[in-house]
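Topology and contacts: notes
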Amino acid sequence: MNRRSKDIVASKLMLLATIFSSLVIFIMAFALFQRSSPILGTQSLSELFLTSSWHPTKGEFGFYPFVIGTLSVTGLAMILAIPICLLSAIYLAEYAPGKVRGIVKPLIDLLSGIPSVVYGLWGVLLVVPLIRHYVAPFAGATTTGYSVLAGGIVLAIMVFPIIISVSEEVFRTVPFEVREASFALGATKWETVKHVVVRKALPGFLAAIILGFSRAFGETMAVLMVMGNVAKAPSSLFDPAYSLPALIANNYGEMMSIPLYDSALLLAALILLLVIAFFSILARVVLIRVERRSV
Amino acid sequence: MLRPHITIQKLNVFYRERHVLKDITVDIPEKRITALIGPSGCGKTTLLKSLNRLTDLVDGVKVSGNVLVDGINIFDNGIDVTNIRKKMGLIAQMPNPLPMSIYDNIAYGPRIHGVKDEKKVEQVVEHCLQAAGLWNEVKERLNEPASKLSVGQQQRLCLARALAVEPECLLCDEPTSALDPISAQYIETQLLTLKKDYTIVFVTHVLRQARRLADYVIFLYLGELIEHGPAETVFTRPSNPRTKAYIEGVFG
Amino acid sequence: MNKRKLEEAFFKGLMLLSTSIVVGSLLAVFAVVILKGAPALSLSMLTQTPKGGYYLGKEGGILNAIIGSLYLASGATALGFLLSLPIVLYINEYAGKSRFASLTRLSLDVLWGIPSIVYGAFAFIIMLYVGARASLLWGIITVTLFVFPIMTRAIDEVMKMSPFKLREASYALGSTRLETALKVVTRQTLPGILTAVLLAFGRGIGDAASVLLTAGYTDSVPHSLFDPVATLPLAVFFQLGTPIPEVQQRAYASGVILLVLVLLLSIASRLSTRRFVKYVIK
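The number of helices and strands found in chain B is 10 helices and 10 strands. Against the 2.2 N^0.38 benchmark of 18 Å for 252 residues, chain B shows a C-alpha radius of gyration of 18 Å, consistent with a compact globule. When the 252 residues of chain B are sorted by exposure, 46% land in the buried category.

In this section: the overall build of chain A. Along the backbone of chain A there are 11 helices and 2 strands. Scanning chain A from its N terminus toward the C terminus, one meets helices and strands in the order α-α-β-β-α-α-α-α-α-α-α-α-α. Overall size of chain A, expressed as C-alpha extent along the three principal axes, is 75 × 70 × 35 Å. Going through the 295 residues of chain A one by one, you find that 54% of them count as buried. Restricting the contact set of chain A to residue pairs at least 6 apart, pairs at least 24 apart contribute 75%.

We now examine the interface of chain A and chain C. The parts lose accessible area when they come together, and the size of an interface is often stated as this lost area. Chain A puts 69 residues into the contact, and the matching count from chain C is 64 residues. Elements with a contribution of two residues or more to the side of chain A that touches chain C: α1 (3–42), α3 (64–95), α4 (98–113), α5 (116–139), α6 (148–172), α8 (189–218), α10 (244–251) and α11 (261–294) of chain A. By residue number, the principal contributor to the side of chain A that touches chain C is α1(A), which donates 19 residues. Tallied by class, the residues present in the side of chain A that touches chain C amount to 47 nonpolar, 12 polar and 10 charged.

Residue and element names in this part refer to chain B. Of all 5 residues in strand β7 (residues 169–173), 5 are buried, a share of seventy percent or more. Neither face of β7 is open: one carries Cys 169, Leu 171 and Asp 173, the other Leu 170 and Cys 172, and all of them are buried. In this structure, strand β6 (residues 88–91) lies alongside β7, joined through 4 bridges in parallel fashion. Bridge assignment links Ile 91 to a residue of β7, and that residue is Cys 172. When β7 meets strand β8 (residues 199–203), the two strands line up parallel, connected through 5 bridges. Residue Asp 173 lies in a different strand from β8, and its bridge partner there is Val 203. With respect to chirality, the unit in which β7 leads through helix α7 (residues 181–194) into the neighbouring parallel β8 is right-handed.

This paragraph deals with the nonpolar core. Counting 270 residues, the largest nonpolar core has Val226(A), Met227(A), Ala268(A) and Ala269(A) as its most contacted members. In terms of residue count, α6(A) provides more of this core than any other element does, 17 residues in total. In this structure, this core is formed jointly by two domains, domain 1 (2–40) and domain 2 (43–279) of chain C, each of which donates at least three residues. If we skip the residues at most four places from it in the chain, Ala269(A) touches Leu32(A), Ile248(A), Ile117(C), Val118(C) and Ala121(C).

Our next topic: helix α11 (residues 232–240) of chain C. In terms of burial, α11(C) is a largely internal element, 8 of the 9 residues being buried. Buried residues of α11(C): Leu232(C), Pro233(C), Leu234(C), Ala235(C), Val236(C), Phe237(C), Gln239(C) and Leu240(C), and no others.

This paragraph deals with the confidence of the model for chain B. Atomic detail in the predicted coordinates should be set aside for any region of low pLDDT. Here chain B shows a mean pLDDT of 90. Residues at 70 or above account for 99%. In the model output, the complex is listed with pTM 0.86 alongside ipTM 0.90.

All names here are of chain B. We note that Lys 31 has phi near 45 degrees; this positive angle belongs to a residue other than glycine. Topologically, Lys 31 is positioned in the loop between β2 (18–29) and β3 (33–37). Judged by C-beta crowding, with 17 C-beta atoms within 10 Å, Lys 31 ranks as partly exposed. At Leu 222, a position not held by glycine, the phi torsion is positive, near 50 degrees. By the secondary structure assignment, Leu 222 is in the loop between β9 (216–221) and β10 (224–230). Looking at Leu 222, the number of C-beta atoms within 10 Å reads 14, which means it is partly exposed.

Opposite the 16 residues of chain A that make contact, chain B presents 19 residues. Looking at the side of chain A that touches chain B, the elements with two or more residues in it are α7 (176–184) and α8 of chain A. When the residues that make up the side of chain A that touches chain B are grouped by side-chain class, the tally is 7 nonpolar, 4 polar and 5 charged.

Residue and element names in this part refer to chain B. Looking at chain direction, β9 and β10 are connected through 6 bridges and run antiparallel. Within the sheet, the bridge partner assigned to Val 217 lies in β10 and is Gly 229. Where β9 hands over to β10, the hairpin turn is made up of 2 residues, of which Leu 222 adopts a positive phi near 50 degrees.

Averaged over every residue, the pLDDT of chain A is 90; the share at 70 or more is 99%. Per-element averaging of pLDDT across chain A places helix α2 (residues 45–50) of chain A at the bottom with 82 and α3(A) at the top with 95.

Residues and elements named next belong to chain A. Under the 1.5 Å per step criterion, the end-to-end length of α4 is 23 Å for 16 residues, consistent within 8% with the ideal 22 Å. Three or more residues of α4 are buried, namely Val 104, Ile 108 and Leu 111. Projected onto a plane normal to the axis of α4, the buried residues spread over an arc of 50 degrees and lie on a single side. Exposed side of α4, more than 90 degrees from the buried face: Gly 98, Lys 99, Gly 102 and Ile 103 are the residues found there.

All names here are of chain B. In contact at an axis separation of 8 Å, helix α4 (residues 118–131) and helix α6 (residues 151–164) are set at 130 degrees when each is read in the N-to-C sense. Between α4 and α6, the crossing angle belongs to the class labelled oblique. Considering how the two elements wind past one another, α4 and α6 form a crossing that is right-handed. Across from Val 124, Cys 128, Leu 129 and Ala 131 in α4, the residues of α6 making contact are Ala 160, Leu 163 and Ala 164. Considering only residue class, the contact of α4 with α6 consists of 7 nonpolar, no polar and no charged.

Turning to the environment of Ser25(C), a few remarks are in order. The residue Ser25(C) is located in helix α1 (residues 2–37) in this model. Taking C-alpha positions, Ser25(C) is 17 Å from Val260(C), a pair spaced 235 residues apart along the chain.

Conventions adopted
Every chain is numbered on its own, with residues counted from 1 as its sequence reads. Chains and ligands are labelled sequentially in the order written, the chains with letters from A and the ligands with numbers from 1. Whole-chain, interface and lining totals are the exception, using all residues; otherwise, since this is a predicted model, local features are given only for residues with pLDDT of at least 70 and side-chain atom pairs are given and counted only at 80 or more. Per the convention used, a helix needs a DSSP run of H or I reaching at least four residues, while a strand needs a run of E reaching at least two, with both numbered from the N terminus. We take the radius of gyration over the C-alpha atoms and set the globule estimate at 2.2 Å times the residue count to the 0.38 power. Buried residues are those with 20 or more other C-beta atoms within 10 Å of their own C-beta, exposed residues have 12 or fewer, and partly exposed residues lie in between; C-beta atoms are placed from the backbone. Residue pairs qualify as contacts under a 7 Å threshold applied to their C-beta atoms, which are placed from the backbone. Residue polarity is assigned by list, with Asp, Glu, Lys and Arg as charged and Ala, Val, Leu, Ile, Met, Phe, Trp, Tyr, Cys and Pro as nonpolar; anything else, Gly included, falls into the polar class. Strand pairing is assigned whenever DSSP identifies at least 2 bridges connecting the two strands. By convention, orient the strands away from the viewer: a clockwise path from the first strand over the helix to the second makes the crossover right-handed. In this description, a nonpolar core means buried residues of the types Ala, Val, Leu, Ile, Met, Phe, Trp, Tyr and Cys, linked to one another by C-beta atoms lying within 7 Å. Throughout, the edges of the domains are those of an automatic or database domain assignment. On a range of 0 to 100, pLDDT expresses the predictor's confidence in each residue. Each residue after the first adds 1.5 Å to the expected span of a helix. An arc is given here, and it is the one of the directions from the helix axis to the C-beta atoms. Every axis in this analysis is a line fitted to C-alpha atoms, fitted for helices over the stretch in contact. Angles between the N-to-C directions lie between 0 and 180 degrees. Comment on the angle field: the value is read as roughly parallel under 35 degrees, roughly antiparallel over 145, roughly perpendicular from 65 to 115, and oblique elsewhere. Each helix crossing is assigned a hand: it is left-handed if the near helix lies turned anticlockwise from the far helix by less than a right angle, otherwise right-handed if that turn is clockwise.

Encoded structure:
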């Protein structure tokens, strides 16, 4: 084969691979939809998601506890993570001396590489007992420690890296001229950061939060290991809860032996796919716009 | 008799290893327009930006010498930099509106310097936009983002914004070089009006502009102060041959 | 002015506090896991597979999981690379700035955010469809799917930055696009490729949700692609779930092994990129 035909063949193969990568998500969504259609056929969406009774053997599939479980632990994680990440990102982008950045940034990278089972393990070893023996009694509650609070804390730490790294990059794209304008008017560094940098970087920061939210929403193992997995919507931070990913992970073994169970669990997977894909696209489009404007 | 407002004594500025400004000693007269002229890259902008210590923001800059404003050295240890910058308004070469509405751009300065009364802020905004000659064009749309203005309008916005903090001096870095001729003329006219109340220093590499506006001229070449004096004198009877050569367009 | 300085000092304090919390949690995770797990760590843990009664506290180790994870991660990384490289080269060298390239990048970014459990569920559906059983092969396929978007985008970020004059020089000498892509651009991007590969390998070793449904679990080292395979994350998970203290201790030890492996990969990634940067044109 001469050079030119090699080039052509290779480019066709590469194109194939590239097209495949764009189609994967649709293929996955389709497959999940196919397998979850039986259960979608038996009940309406509002019945499925607003009823709380989850008894697969009796054919009852009320997803409500899991939706609330996932939302509450993800929500708590975001409430904990957002202020910490915003302040850290500002510090790293605007205030930290080069040496400090050089140490802290790799450490944050390292945080993002830790497997979720290890976070779960850590949660079981430290966070759960801490809540059981110190936090709950202090708040006047009793709990085994396996709770929404435990899940929220562990999940917050897991999303620190993504929110901080994306935000920090966005802050650094704010051009020098705009900062200079603020300084020339006699503003302090903090005033410049507060009124000018953060304002300019706001869309990018929101995108970072959305990415963090998506990551937290889909997190499986760590949450499974520390939330207690009780199929009842939690009424307090100290109650145990059950998230959608944990539901799938815990019960895949019995999926095939109970009618409609596989359909239900795969519906849960489909929901995860759709919600996360939606938010990811939103966040990425915002980030693309931010990048384009700063060029 | 020209009273000095800013006294520069033996000012040396280094950027990394480059000696950008060498032993500059000169007085800037009060309530006059002083032009900093010279070929590109000779330190004019650096000199301008040292006067309000914006040079502090750049890594690798070392400054020695004194700059006295009304007798106080701006490089003294106990000095509050934000106060200095309030006194010295700066207008950059490329308009740099803040990411806010037109109104907020002007209001930003007064607000951070402690003006709480919103009525007063409103007055200041209107007054400064008038002084910059922009009021009539924007009074109906003060809440629109400043980025929607044309480049010429943005530069006048920056002028209004600088006036809003009630500075004593206006430092202008090639304020019209990015503008169309009509906007440029507008700015020049405003500067001529403003000099009754403010000491104005502007950098330009367009000699005709310097001739039009300047009362006093400082000529910098390769970081050194070659000559300075009243505009009339420097332009018609320069004492230094290099000044003469530059003015006649031999180089630069 | 004092009030403004005070406000700045206050927020600076909060910023330092926040950053310390972030760094502190990292240290806390390492400290707690290592402190609890190191005592249970022994040579036999690393070199033996579980013998009879292992799960009741008797002898053995998790060699099955260590080797299993290594096989799986290597297979997935290799397969993922075979998929990633053509894609990255295509969107950089052939499609350039077209909308197709931007769309592909967007799709990859979306795939990057999909949790591994969804990939596991999807692969499970395919396995049911073709009648396959949980095995090393399917574990590899699932992790490949999970990992290739990460690898592709990581390499892409680096390749995007290589200067155009490099390609210009190559084309000026009469090379085809393929030759430029493979011989010049890839070499320039080598540090980035290496980092991406190590990153993917780390994800492959550490992820549990994707292999939970697809790779099975076993006490022995797999002999073929069709055998089920044990993985380190699942070893931690399953051992933790037993009521027997000795086995739980072993779970902690397995956690340490996993953590140390990830740490080593991270360090290796930083060190090796430095070595390979020699030939890169800035």
